[in-house]
Amino acid sequence: LLKPKIVILGAGYAGLMTLTRLQKTISVNEAEIVLVNKHDYHYETTWLHHAAAGTLHHDRVRFNINNLIDRNKVKFIQGTVVEINTDKNKVILENDELSYDYLVIALGGESETFGIKGLKENSFAIVSVNAARKIRNHIEYQFATYHTEGEKSDDKLTIVVGGAGFTGMEFLGEITDRIPKLCRDYDIEENQVKIICVEAADSPLAGFDSDLVKYAMAYLEGRGVQFKLGTRIKECKQGAVIVQSGEEEEEIKAKTIIWSAGVRGNSVIDRSGFEANKGRVIVQPDLRAPGKDNVFIIGDCSIVVNKTDNSHYPPTAQIAMQQGVTCAANLTKLIRKKSDLEAFVPNIRGSVCSLGENDAIGIVYGKKVVGSRALFMKKVIDNRALYMMGGASLVFKKGKLNLFS
Ligand code: FAD
Ligand code: NAD
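Residues numbered from 1 in each chain as written. Chains lettered and ligands numbered in written order. Predicted model: local features only at pLDDT ≥ 70, side-chain atom pairs only at ≥ 80, totals over all residues.

### Remarks on the overall build of the protein
Point 1. In terms of regular secondary structure, the protein is built from 9 helices and 26 strands.
Point 2. Computed over C-alpha atoms, the radius of gyration of the protein comes to 22 Å, within 12% of the 22 Å expected from 2.2 N^0.38 for 405 residues, which places it in the range of a compact globule.
Point 3. Dimensions of the protein along its principal axes, counting C-alpha atoms only, are 75 × 45 × 45 Å.
Point 4. Buried residues in the protein amount to 45% of all 405 residues.
Point 5. Nonlocal contacts in the protein, meaning residues at least 24 apart in sequence, comprise 65% of its contacts between residues at least 6 apart. (Helix = DSSP H or I, 4+ residues; strand = E, 2+ residues; numbered from the N terminus. Rg over C-alpha atoms; globule rule 2.2 N^0.38 Å. Buried ≥ 20, exposed ≤ 12 C-beta atoms within 10 Å, placed from the backbone. Contact = placed C-beta atoms within 7 Å.)

Pasting the structure below:
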């Protein structure tokens, strides 16, 4: 008898959670499972700010996919998805084509530049291991060449971070940890370095607890970050950003420009004819795409509506992983010809924003935490994600085991 074929696209939080759950519940005879991912490794997207600042080596934030899968049940294909044809049940890869009976789209997000002139070409975004590695090397190069290139220009040591959401704030925490070391390595006075954070809203982390936000801002300011609030990046050129606050415009020269002010879903979604808002599809309660009963969309490519106020949940790893659990349960039901699919209900436990190695802020189960307690919680969350995907051995290999320092 021909087995149904399940194809999972993307080995991030959503895809890997689906896969690891499926390989536990489904027997070899029940279905063929195929996982497709651009690289042969998974990376912890939530740790990329470490790799980008250079506070953790990029090998610490990734692990090999083959070590995680049950090869009796799962076939891994390294490939880049270009487009999906849901009428023909086909996935088009850069160098191949795949057919499926059931599809899980878990391709994650991309940077969104809102059409701002010059931004794509002249700024960096913290979106992958390759991108993070490039940022780390670029920053280090500016320090390394400060004394060797003809005229010293201070904009070599200026870093602009556009957007003080969670990603921007976490990167600022890491880079302020790294700067003293870079200064020591390259004989540079710390006061030569400028870190400017440009945020369009009147506050960083808009909507988050205001006491915690003040705490985080004061901490980062104490470490040399200059915040320009109510100021938006309007244009980006090679080595400069043009920012606007009210009627006033200013050009800030900076050799390093990090754009952390917007995420969108994957452009594969747009190319594949789904009704979407910036690459994100409002999914049905059981996580299937509207009108497509054999296609699940989860993680940053999906939009989950909060029933209480019709708002959209922000795209997070927390939700992506929980969706993976529901998606695997629903796929199992479909394979076993059951029709009572589960509705996905997010269980938001809170969020913690790290501020480098020595401080953090957060709300966990409704309680505010700062300092060592918040740092402890952050490491527990990070290790838990590894545990959920790869069990205790993965936590021992890649985990943050220094819980109390
Ligand atoms: P991802 O985990 O990004 O995985 C997508 C996968 O698809 C990747 O393996 C990628 O290589 C692959 N892929 C992409 N395109 C293709 C293609 N065309 N073909 C084949 N493969 C492809 N959320 C939290 O809840 N807590 C946090 O603390 C947190 N911290 C964050 C810190 C940073 C620096 C960033 C950038 C984000 C953070 N987030 C956090 C958000 C969180 O990382 C995302 O919401 C989450 O990664 C979404 O999971 P996903 O599975 O949809 O996508
Ligand atoms: P975001 O969309 O949450 O924040 C972007 C920020 O950029 C906003 O503060 C916005 O006002 C600002 N902005 C937008 N346009 C601008 C412009 N032209 N100039 C200057 N500022 C501008 O993006 P993010 O921080 O990358 O977060 C993406 C998702 O990932 C969110 O859901 C977030 O919760 C999640 N995340 C969570 C954590 C965590 O829990 N620790 C860490 C990182 C990301």
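### Notes on the site of ligand 2
Point 1. Within the structure, ligand 2 sits among 25 residues, and Gly 163, Gly 165, Phe 166, Ala 261 and Pro 314 are positioned closest to it.
Point 2. Elements supplying a minimum of two residues to the shell around ligand 2: helix 5 (166–185), strand 14 (232–237) and strand 24 (350–354).
Point 3. Per-element tally for the shell around ligand 2: the top contributor is helix 5, with 4 residues.
Point 4. Class assignment for the residues of the shell around ligand 2 results in 13 nonpolar, 9 polar and 3 charged. (Near = placed C-beta within 6 Å. Nonpolar A, V, L, I, M, F, W, Y, C, P; charged D, E, K, R; others polar.)

### A closer look at the sheet that holds strand 5 (residues 74–78)
Point 1. Pairing is parallel in the open sheet, where 5 strands are placed in the order 5-2-1-9-20. In this open sheet, the two edge strands, each paired with only one partner strand, are strand 5 and strand 20 (295–297). Averaged over all neighbouring strand pairs, the angle between strand axes comes to 15 degrees, with direction disregarded. (Pairing = 2+ DSSP bridges. Axes fitted to C-alpha atoms, helices over the stretch in contact; angles between N-to-C directions.)

### Side note on the site of ligand 1
Point 1. For ligand 1, the set of nearby residues contains 32 residues, the closest of which are Gly 10, Gly 12, Gly 108, Gly 299 and Thr 316.
Point 2. When residues of the shell around ligand 1 are traced back to their parent elements, those giving at least two are helix 1 (13–25), strand 2 (32–37), helix 2 (48–53), helix 5 and helix 8 (317–335).
Point 3. When its residues are assigned to classes, the shell around ligand 1 shows 13 nonpolar, 16 polar and 3 charged.

### Some words on the sheet that holds strand 14
Point 1. Pairing is antiparallel across the open sheet formed by 3 strands, whose spatial order is 14-15-16. Of all strands in the sheet, those bounded by a partner on one side alone are strand 14 and strand 16 (248–253). On average, each strand axis in the sheet is inclined to that of its neighbour by 25 degrees, with strand direction left out of account.
Point 2. Two strands pair when backbone bridges link them, and strand 15 (residues 240–245) and strand 16 are joined in this way by 6 bridges, in the antiparallel orientation. Among the inter-strand pairings, Ile 242 is bridged to a residue of strand 16, identified as Glu 251.

### Here we look at the nonpolar core
Point 1. Among the nonpolar cores identified, the biggest contains 57 residues, and Leu 172, Ile 258 and Cys 353 are the most heavily contacted of them.
Point 2. Of all hydrophobic cores here, the second largest spans 55 residues; its members include Leu 68, Val 81, Ala 276 and Met 389. (Core = buried A, V, L, I, M, F, W, Y, C linked by C-beta atoms within 7 Å.)

### Some points on the confidence of the model for the protein
Detailed reading of predicted coordinates is not advised where the pLDDT is low.
Point 1. Taken residue by residue, the protein gives an average pLDDT of 96. The fraction at 70 or more is 99%.
Point 2. Here the complex is predicted with pTM 0.97, and the ipTM for its interfaces comes to 0.99. (pLDDT = per-residue confidence, 0-100.)

### Things to note about helix 8
Point 1. Between its first and last C-alpha atoms helix 8 spans 27 Å; for 19 residues at 1.5 Å apiece the expected length is 27 Å, and the two agree.
Point 2. Taking burial as the measure, the 19 residues of helix 8 include 14 buried ones, the bulk of the element.
Point 3. Note on helix 8: the residue one or two positions beyond its end, Lys 337, has a positive phi of about 60 degrees. (Expected span 1.5 Å × (residues − 1).)

### Some remarks on the packing of helix 1 against helix 8
Point 1. Packing of helix 1 against helix 8 brings their axes to within 7 Å, and their N-to-C directions diverge by 35 degrees. The interaxial crossing formed by helix 1 with helix 8 has right-handed handedness. Packed against helix 1, whose contacting residues are Tyr 13, Ala 14, Met 17, Thr 18, Arg 21, Leu 22 and Thr 25, the element helix 8 presents Ala 317, Ala 320, Met 321, Gln 323, Gly 324, Val 325, Cys 327, Ala 328, Leu 331 and Thr 332 at the interface. (Left-handed = near helix turned anticlockwise from the far one by under 90°.)

### Things to note about helix 1
Owing to its 3.6 residues per turn, the α-helix brings residues three or four apart onto one side.
Point 1. The end-to-end C-alpha separation of helix 1 is 18 Å, in line with the 18 Å expected for 13 residues at 1.5 Å each.
Point 2. With respect to burial, helix 1 is a largely interior element, 11 of its 13 residues being buried.
Point 3. Listed in full, the buried residues belonging to helix 1 are Tyr 13, Ala 14, Gly 15, Leu 16, Met 17, Thr 18, Leu 19, Thr 20, Arg 21, Leu 22 and Gln 23.

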